[in-house]
Each structure stands twice: as structure tokens, then as C-alpha cells.
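One-letter residues, chain by chain:
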Amino acid sequence: MNRKIGIYSSIINLIAIISFSISMLFRFNYGSYFSSMFIAFSFVVMTCCYAYVAEQKYKLAGCISVAFASIYATIILLVYFAQLTTVRLNELTPQAIILLDFQQCSLMFHYDLLGYALMALSTFFAGLTIPTYTKTNKWLKHLLMVHGVFFISCLIMPMLGVFQANSPTWIGIIILEIWCVYFCPISILSSLYFSKYKE
């Protein structure tokens, strides 16, 4: 059962990322918000599985990964649930729109970047739990740990005001599509990694 949870969470993560990518290409914002919620759901389960299957000497890194993943998911779910409910279903005042509408690159957008900074930190510690016995394990470990570098940029960019509401949307789309291309192999390799786990 534990093995299956790891495999299924990785597959759900992959499907959610692909859905997110397609939604971004077609500028279907609510589709990308909904997909992002399932990226968060599945990612938390994946990190729990990394921690569970880790060798004893890597257990602490696994627990740290789960902790950061949980904070990431909490922030992301609050941001996107607000977009799918409050922002979509209510007539908001101009000031409320500035604060709550993700497209305004204000409060919710900045929380989103904070969430992804914590996701990056989580992947770094998850990478520490992966033993490098096989070539696929080495790839998974390196992809997870290199993804951790995004922690710095995602944390600092909101403080520098890099993204504004009048910024060209295509720049953000390209960045996110690159992230999707990068993270899909992590989901695939994670599924293979969990499939080899012997309960």
C-alpha cells in the first residue's frame, strides 16, 4: 500500500503539472489555479513518501522536506482557493481586487512566490534522502536538489518588486512552462523510485 501511494501521488503530480502547463498556454487562469491545487496535494504526499522510504540516516532530511512541503501547500491552497471562490464569485472593491486578484501581481501573487520558495526548499531536503545506487536515483536526487536553488529567487523577487501588474504576461508564461518541463521528470523518476521500494 505504501508503495502504491508513492507511485499514485507521483502520477497525479505529473498529470496536474501537464494540466497546469496546458491551462497556461491557453490562458485559462482558473484551470491553472485548479491544477496548482492538485500539484500541492500530490507534492505533500510525495514528500511524505520520500521520508517514509528513506534510510534511517536520511530520515531527518525527509522530515524537514515534509515540513516545508506542508507550509508550501497551505500557502498555495489559500491563494488559489481564494481565486476560485472569492475573486471569481464576488464583486470586489478596487482595493480588494488589487490585494486579492492573482493577476494584479500584488499580495496573493507574492504569497504564491513565497509558497514556491518553500516548495524549492522542500525538494532540496527531499533530494538528500535519495540514495545514489542507480542512475535514475542519481538523476532524481540531482533534479530535486538543483530545484532547491529556486528558493533564493522566489524569496527575493517579491521583495525587489520584479513582477508588476503591467509586466508582459508572456514572460511569466515562459518561466512557468520551463518549470513544468523541469518538474515533469521529477514526477516520472519519483514514480520509478517508489515502484522499486520493497515493503
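What you see is a predicted model; the values in this text were computed from it and never measured.

Q: Just checking my understanding: could you explain the nonpolar core for this structure?
A: Taken as a class, soluble globular proteins show a tendency for nonpolar side chains to be buried jointly. In terms of nonpolar packing, the biggest core is built from 49 residues, with Ile39, Tyr50, Tyr72, Tyr80, Met119 and Leu140 touching the most fellow members. Excluding residues that lie within four positions of it along the chain, Tyr50 makes contacts with Ala126, Thr129, Ile130, Leu140, Leu144, Ile186, Ser190, Tyr193 and Phe194.

Q: Any chance you could explain the packing of aromatic side chains here in plain terms?
A: Aromatic ring pairs: the centre-centre distance and the angle between the two ring planes describe each pair. Enumeration over the complete set of coordinates arrives at 19 aromatic pairs. Here Tyr33 and Phe102 contribute two aromatic rings whose centre-to-centre distance is 5.7 Å and whose plane-to-plane angle is 70 degrees, an arrangement assigned as edge-to-face. Of this pair, Tyr33 sits in helix H2 (residues 29–53) while Phe102 sits in the loop between helix H4 (94–100) and helix H5 (107–128), placing them 69 residues apart in sequence. Phe102 carries the same exposure label as Tyr33, and that label is buried. Between Phe124 and Phe125 the ring centres are 5.5 Å apart and the planes differ by 90 degrees, which places this aromatic pair in the edge-to-face class.

Q: What's the story with the side chain of Lys141 in this structure? I'm lost.
A: Tracing the sequence through the fold places Lys141 in helix H6 (residues 135–147). Salt bridges are absent for the buried Lys141, whose nearest opposite-charge side chain, Glu55, sits at 9.7 Å. Side-chain polar atoms of Lys141 contact the backbone oxygen of Gly127, separated by 3.0 Å. Discounting residues that sit within four places of it in the chain, Lys141 has contacts with Gly127, Leu128, Ile130 and Thr132.

Q: Help me understand the packing of H2 against helix H8 (residues 169–195) in this model?
A: Helix packing for two helices is described by the angle between their axes and how far apart those axes are. In the contact formed by H2 and H8, the axes pass within 12 Å of each other and the chain directions differ by 40 degrees. The angle between H2 and H8 places the two elements in the oblique class. The handedness of the crossing between H2 and H8 is left-handed. On the side of H2, the interface is formed by Ile39, Phe43, Met46, Cys49, Tyr50 and Val53, while H8 contributes Trp179, Phe183, Ile186, Ser190, Tyr193 and Phe194.

Q: Any chance you could explain the environment of Gly31 here in plain terms?
A: The topology assignment puts Gly31 in helix H2. The exposure class assigned to Gly31 is buried, which follows from its relative accessible area of 10%. Spatially, the C-alpha atoms of Gly31 and Lys57 are 41 Å apart, while their sequence positions differ by 26 residues.

Q: Just checking my understanding: could you explain H6 for this structure?
A: Given 3.6 residues to a turn, an α-helix orients residues that are three or four positions apart in the same direction. The end-to-end C-alpha distance of H6 is 18 Å, a good match for the 18 Å that 13 residues give at a rise of 1.5 Å each. Here H6 has its buried residues at Asn137, Leu140, Lys141, Leu143, Leu144 and His147. Each buried residue of H6 sits inside an arc of 165 degrees when the element is viewed along its axis, so together they form one side. Residues of H6 that are exposed and angled more than 90 degrees away from the buried face: Lys135 and Trp139.

Q: Help me out: how do you make sense of the environment of Ile156 in this one?
A: Structurally, Ile156 can be placed in helix H7 (residues 150–160). Using a relative accessible area of 35% as the deciding quantity, one classes Ile156 as partly exposed. Separated by 24 residues in the primary sequence, Ile156 and Cys180 place their C-alpha atoms 21 Å from one another.

Parameters at a glance
Residues numbered from 1 in each chain as written. Predicted model: local features only at pLDDT ≥ 70, side-chain atom pairs only at ≥ 80, totals over all residues. Heavy atoms only, no water. Core = buried A, V, L, I, M, F, W, Y, C linked by side-chain atoms within 4.5 Å. Buried < 20%, exposed > 50% of the residue type's maximum accessible area, 1.4 Å probe, protein only. Contact = heavy atoms within 4.5 Å. Phe/Tyr/Trp six-rings, centres within 6.5 Å; stacked < 30°, edge-to-face > 60°. Helix = DSSP H or I, 4+ residues; strand = E, 2+ residues; numbered from the N terminus. Lys, Arg positive; Asp, Glu negative; His and termini not counted. Salt bridge = Lys/Arg side-chain N within 4 Å of Asp/Glu carboxyl O. Polar contact = N/O pair within 3.5 Å; in protein donor to acceptor, adjacent residues only side chain to side chain. Axes fitted to C-alpha atoms, helices over the stretch in contact; angles between N-to-C directions. Parallel < 35°, antiparallel > 145°, perpendicular 65-115°, else oblique. Left-handed = near helix turned anticlockwise from the far one by under 90°. Expected span 1.5 Å × (residues − 1). Arc of directions from axis to C-beta.

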